[in-house]
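Architecture at a glance
Chain by chain, the residues:
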Amino acid sequence: MTHKSIAALLAAGALATLWSTRVGTPIQVGQGAGEAAQASGSGVLVFDLKDDIDDDALAAFAARHGLTLGLSDPSSRDEALFRADVSDRAAVIAATRDDPAVELVEPVVRMQALGYPDDPLFEKQWNLTQIGAERGWRAGAGRGVTVAVLDTGVSPVEDLAGIDLTEGHAFVPGVDSALDDHGHGTHVAGTIAQATHNGKGVAGVAPRVRVVPYKVLAARGGGSSDRIAAAIDHAVDAGVDIINLSLGGPPSAVLTKAADAAAEAGVLVVAAAGNSGGRGLGSPADGHLVIAVGATGPDGTKAPYSTFGTGVEIAAPGGDTRKEGGGILQDTINPADGGHAYKAFQGTSMAAPHVSGALAVLLGMGIAPGAAVDVLFRSAIDVGDDGFDEVYGHGRIDLGAAVDRVVWHDRLPRFVAGLLLAAALGLGLGFAPGRWLVMALMGGWAAGGLFFLGWLPISPGGGLAWLTLDPLRLAGGLFGPGWTHSAVFAAAWIPAGVAFVFGLNKRLAPWVSGFALGCGVSLLSGGLDGTLAPLGGSSVWLFAHSAVCVLGAVAVAGALRMDYSA
């Protein structure tokens, strides 16, 4: 068999490998049922007015209805979110509901932290073992991803030392910092990002993420719907990737709208389903685009307190403190003495951050938000009725299986296709083994990264974890997932530039050609399987830029061949 025949077979095998990765319709977040709260008598109403309302129109609206309006939070002016004390809420709602300046009006709704503290426990973290968190640590541990924790605040306790924890923002009246004065928020943040492999305390799901605390709940664990909605809007504007909402209460149209708007903006919104033990979600878990999380106990089945019903998308460990060692153990503040303690809590509040952490790991691996959700849902363990059900949704999360799914269905096929195509190009042009082997190895790395390093017992997010990413997805680890899917990096600019600058160097040409070809494979694969999402997920963009990369690789290799043939 001639070299050209072998090259043709390798190229056909590479294309077949890539074609096998294409996906059908991805699993989407399902349907919620947020309804406006109803109330009568005096109290506070929340007005979500038209976003473009100017000061004159605002004053006219207030005068028309005899209202004294105040911003829900100073940051909520761009969303036109206001509140007013009124003597008859039902009458004012009826009078203002159809006003052209109004998008929504409802009574303010009180929200609560959805978790139950218990005495400190120093038992093994069964929950992290159950979801396969170790695989997530070796897959980058969420490096480059930003998670907003909307809760009672987060304090830098002993075992959060060294993580990327920002100062945060306070949305509780009279409170100036996002430090925790309750304990719930720090516990939740610990499940997401507790310092791991640091020789002390406990571990977290995605210890390399950046955590941004939003204090929306006061010292007793309560907060108002409109201020939480304002915090959601602020987090979206700040460019976070994931919002964790381990809180809830009665239905609030204002809060549900804010959560769904965040999801529409490309942010993954994760919320606790509730702790009623019965059917029927409140807000914000009832959002149509919100990932509502139910809770399971140590045995992997529904925790007795976990709310179920329409809108539950997935389940995760929430703990059961009735059983010895059955709570979710994390380091948090101890308000009694101003210090910290390792405490075991239970609740859907504890389940939600497992999902937020798992999604952070998947985003950090370089796949688009929609693809991350699809992978998490498809890899979940079906522990309820066959298929989707209203107790577990798509099942109980299995981060280990989700990471493996990305490796086997995305990374490995890209690596193999890049290696085979580059080898085919080198063989087809009659290069000596030394040159086409270099091209093949560069093609594999540039297409799929050194994915197999993720099977080694490497430190969470450590140096070797960087090498598991292909070059075009390294930007996400450095600057955040949005960069991976930007028109700058999900494009041919970098490989084309490398080919232009170094392509005529005889020694570098095999490396450059393999690199450009591998990048082309990476872009083509991202368009076929939906893991890249530039310009809103344009496959045409990816296919066109993939072609540019391939042409650049062929041009560099062809020039080298002609140079040696001359």
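As the structure is a computational prediction, the values presented were derived from the model and not from experiment.

If you tally the helices and strands in the protein chain, you get 18 helices and 17 strands. Across the protein chain, contacts joining residues at least 24 apart in sequence account for 77% of those joining residues at least 6 apart. For the protein chain, the exposed area adds up to about 21300 Å²; of that, 59% sits on carbon and sulfur atoms.

Before going further, it helps to spend a moment on the environment of Ser75. Examined against the element boundaries, Ser75 turns out to sit in the loop between strand E2 (70-71) and strand E3 (81-86). Along the backbone, Ser75 and Phe171 are 96 residues apart, and their C-alpha atoms lie at a distance of 9.3 Å. Discounting chain neighbours no more than four positions away, the residues touching Ser75 are Phe171, Ala230 and His234.

Glancing now at the sheet that holds strand E12 (residues 247-248). Taking strand neighbours across the sheet as the criterion, the three strands line up as E10-E5-E12 in an open arrangement whose pairing is antiparallel. Since the sheet does not close on itself, it has two edges, and those belong to strand E10 (222-224) and E12, each with one partner.

Enumeration according to the criterion identifies 15 salt bridges in this entry. Counted as one network, the salt bridges with shared partners bring together Asp410, Arg414, Asp470 and Arg473.

In this structure, the largest pocket spans a volume of roughly 710 Å³. Lining the largest pocket are 40 residues; nearest its centre among them are Gly144, Val145, Thr146, Asp241 and Pro481. Elements that contribute at least two residues to the lining of the largest pocket include exactly strand E9 (210-215), helix H14 (474-479) and helix H15 (481-484). Here the lining of the largest pocket is built from residues that sort into 22 nonpolar, 13 polar and five charged. Shared between two domains, the lining of the largest pocket takes at least three residues from each, and those domains are domain 1 (3-27 + 402-565) and domain 3 (121-397).

Bringing the pairing of strand E13 (residues 268-272) into the picture now. Counting buried residues in E13 gives five out of five residues, a clear majority hidden from the surface. Across the two faces of E13 the burial is the same, with Leu268, Val270 and Ala272 and Val269 and Ala271 all buried. Of the strand pairs in this sheet, strand E11 (residues 242-245) and E13 are connected by four bridges, and their pairing is parallel. By the bridge assignment for E13, Leu245 is matched with Ala271. Here three bridges tie E13 to strand E14 (residues 291-296), and the two strands are oriented parallel to one another. Each residue of the ladder has a partner; that of Val270, found in E14, is Ile291.

The rules behind each value
Residues numbered from 1 in each chain as written. Predicted model: local features only at pLDDT ≥ 70, side-chain atom pairs only at ≥ 80, totals over all residues. Heavy atoms only, no water. Helix = DSSP H or I, 4+ residues; strand = E, 2+ residues; numbered from the N terminus. Contact = heavy atoms within 4.5 Å. Areas by Shrake-Rupley, 256 points an atom, 1.4 Å probe, with all protein chains shown as cover. Pairing = 2+ DSSP bridges. Salt bridge = Lys/Arg side-chain N within 4 Å of Asp/Glu carboxyl O. 1 Å grid on protein atoms, 1.4 Å probe; cavity = no way out; pocket = protein on both sides within 12 Å on 5 of 7 lines; lining within 4 Å. Points joined across faces, edges and corners; volume = space filled by probe spheres on them. Nonpolar A, V, L, I, M, F, W, Y, C, P; charged D, E, K, R; others polar. Domains from an automatic or database assignment. Buried < 20%, exposed > 50% of the residue type's maximum accessible area, 1.4 Å probe, protein only.

By themselves these figures say nothing about function.
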